[in-house]
Amino acid sequence: MAVDRAAIGRESAPVTLHIDAGRLRFFAKAISETDPIYTDLDAAKNAGHPNLPVPPTFLFGISLEVPDPFESFTELGIDLGTVLHGSQRFTYHALAYAGDDLTMRTRIADVYEKKSGLLEFLVQESTITNQDGTLIAVAENTVVIRNRFDKQEQA
Amino acid sequence: MTSLDLEVSSQLTPLEVAPISRTTLALFAGASGDHNPIHVDIDVARASGFDDVFAQGMLSMAYLGRLLTQSVPQERIRSYGVRFSSITPVHGQPTCTGVVRSIEEVDGVRLAVLDLQVALADGTVTLQGDAVVELDEE
């Protein structure tokens, strides 16, 4: 099922996540992080940080901190089981830290297809700002939708 | 903080990660906030045409992020992007590598462009990317 091109430009409701140290330690554990600046406040301070830094890719998940994180796919008629992550990019402007409230604003930047619509690409652009309105990062991600047509549709 | 000692063609010290277990996938789902069941629930994975669950792409990007932050202070990273080229199966063992592609000076700051890659033990490249890092303190 083709994604409605009218979705291009649509912005989803901003999502704000309070970054607590426990969550950052959990993330560090999940990725086997060994650098203590990401888990130990003293180590972070000794390295010149005011608190535990938010690691480079943690920002991706902020927009998922809502009751139905995949609602945007559902609204576009996309089956989550057909979605693969195609690409991801961050441009960094400032570090974020435990204790910050980070807000992610995401808009659909583009929708396009390849292989006669068998593959569709949804490009989303996000800004991440902290509680002072300081820009932390800009994120861009592409998800690949693997469309499977039944035989009738193929014919 | 001083200048970083990177030259064109310098290799970053590779980061080898233990084979990815199902436990790791579950922990990363919770910690990252990506609760897509295709990575933790084999029934869901099979219903979508996969033989088994597979690793979140962002898990590999996080490992590659560790390669970056063990090589340069995080505040020196200006941009970091990847393309996911292959699925990482359960028990896949990623190794993250990076090499300095070029160094240029912009507004008095030397910037290094790094080529980055994650590959599995069988040689499959799962992720390719790049990063721009500041060599001098701003």
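Residues numbered from 1 in each chain as written. Chains lettered and ligands numbered in written order. Predicted model: local features only at pLDDT ≥ 70, side-chain atom pairs only at ≥ 80, totals over all residues.

> Account for the overall build of chain B, naming residues and giving values.
Tallying secondary structure elements over chain B gives three helices and five strands in all. The helix and strand sequence of chain B, counted from the amino end, reads β-α-α-α-β-β-β-β. The principal-axis extents of the C-alpha atoms in chain B amount to approximately 55 × 30 × 20 Å. Within chain B, buried positions represent 38% of all 138 residues. Partitioning the contacts of chain B with sequence separation of at least 6, the portion at a separation of at least 24 is 65%. (Helix = DSSP H or I, 4+ residues; strand = E, 2+ residues; numbered from the N terminus. Buried ≥ 20, exposed ≤ 12 C-beta atoms within 10 Å, placed from the backbone. Contact = placed C-beta atoms within 7 Å.)

> Tell me about the overall build of chain A, residues and numbers included.
Along its length, chain A carries four helices and five strands. When the helices and strands of chain A are placed in sequence order, the string is β-α-α-α-β-β-β-β-α. If one aligns the C-alpha atoms of chain A with their principal axes, the spans along those axes are about 65 × 30 × 25 Å. Out of the 155 residues belonging to chain A, those deemed buried represent 31%. The long-range share in chain A, meaning contacts at least 24 apart out of those at least 6 apart in sequence, stands at 69%.

> Explain the interface of chain A and chain B residue by residue, including any values.
Contacts between chain A and chain B engage 29 residues on the former and 37 residues on the latter. Going through the elements one at a time, helix H1 (21-30) and strand S2 (83-92) of chain A are the ones with two or more residues in the side of chain A that touches chain B. Tallying contributions element by element places S2 of chain A first for the side of chain A that touches chain B, with eight residues. For the side of chain A that touches chain B, a count of residues per class yields 14 nonpolar, ten polar and five charged. (Nonpolar A, V, L, I, M, F, W, Y, C, P; charged D, E, K, R; others polar.)

> Explain the domain arrangement of chain A to me, and be specific about the residues and the numbers.
Residue and element names in this part refer to chain A. Looking at the assigned domains, one finds that chain A contains domain 1 (5-19 + 61-154) and domain 2 (20-53). When each unit is reduced to the centre of its C-alpha atoms, the spacing between domain 1 and domain 2 is 26 Å. Listed per partner, the contact involves six residues of domain 1 and nine residues of domain 2. The residue inventory of the side of domain 1 that touches domain 2, partitioned by class, reads four nonpolar, two polar and no charged. (Domains from an automatic or database assignment.)

> I'd like a description of the confidence of the model for chain B, backed by residues and values.
Per-residue pLDDT for chain B averages 95, and the proportion of residues at 70 or more is 98%. Scoring the predicted complex yields pTM 0.95 and, for the interface, ipTM 0.96. (pLDDT = per-residue confidence, 0-100.)

> Tell me what's going on with the sheet that holds strand S5 (residues 135-146) of chain A, and back it up with residues and numbers.
Taken in spatial order, the ten strands make up an open sheet running S1(A)-S3(A)-S4(A)-S5(A)-S2(A)-S2(B)-S5(B)-S4(B)-S3(B)-S1(B), and their pairing is antiparallel. Every other strand in the sheet has two partners, leaving strand S1 (15-18) of chain A together with strand S1 (15-16) of chain B as the edge strands with one partner each. Across seven bridges, strand S2 (residues 77-84) of chain B lies against strand S5 (residues 125-134) of chain B in antiparallel orientation. If you follow Tyr80 of chain B over to S5 of chain B, its bridge partner there is Ala131 of chain B. (Pairing = 2+ DSSP bridges.)

> Can you explain the nonpolar core? Please cite residues and give values.
Among the nonpolar cores identified, the biggest contains 58 residues, and Leu24, Ile31, Leu59, Leu102 and Ile128 of chain A together with Tyr63 and Leu64 of chain B are the most heavily contacted of them. The biggest single contributor to this core is helix H3 (residues 57-71) of chain B, with eight residues. Inspection of this core shows a minimum of three residues originating in each of domain 1 (5-19 + 61-154) and domain 2 (20-53) of chain A. Non-local contacts of Leu59 of chain A, meaning those with residues more than four positions away in its chain, are made with Val54, Phe90, Ile128, Ala137 and Ala139 of chain A. (Core = buried A, V, L, I, M, F, W, Y, C linked by C-beta atoms within 7 Å.)

> I'd like to hear about the pairing of strand S3 (residues 101-114) of chain A, residue by residue, with values.
Moving residue by residue along a regular strand, the side chains alternate between the two faces of the sheet. Residues and elements named next belong to chain A. Note that S1 and S3 share four bridges and pair antiparallel. For His18, the partnering residue across the bridge sits in S3 and is Asp101. As defined by bridge partners, S3 adjoins strand S4 (residues 119-129) across eleven bridges and the pair is classed as antiparallel. Within S4, the residue paired with Ile108 across the bridge is Gln124.

> Please give an account of helix H1 (residues 22-32) of chain B that cites residues and values.
Here H1 of chain B has its buried residues at Thr24, Leu25, Phe28, Ala29, Ala31 and Ser32 of chain B. Looking at the buried positions of H1 of chain B, the neighbouring elements they touch are H1 of chain A together with H3 of chain B. After H1 of chain B finishes, the residue Gly33 of chain B shows a positive phi value of roughly 90°.

> Can you explain unusual backbone geometry? Please cite residues and give values.
Even without glycine at this site, Ser32 of chain A takes up a positive phi of about 55°. In this structure, Ser32 of chain A sits in the loop between H1 and helix H2 (41-46). You will see that Asp107 of chain B, though not glycine, has its phi angle at about 50°, which is positive.

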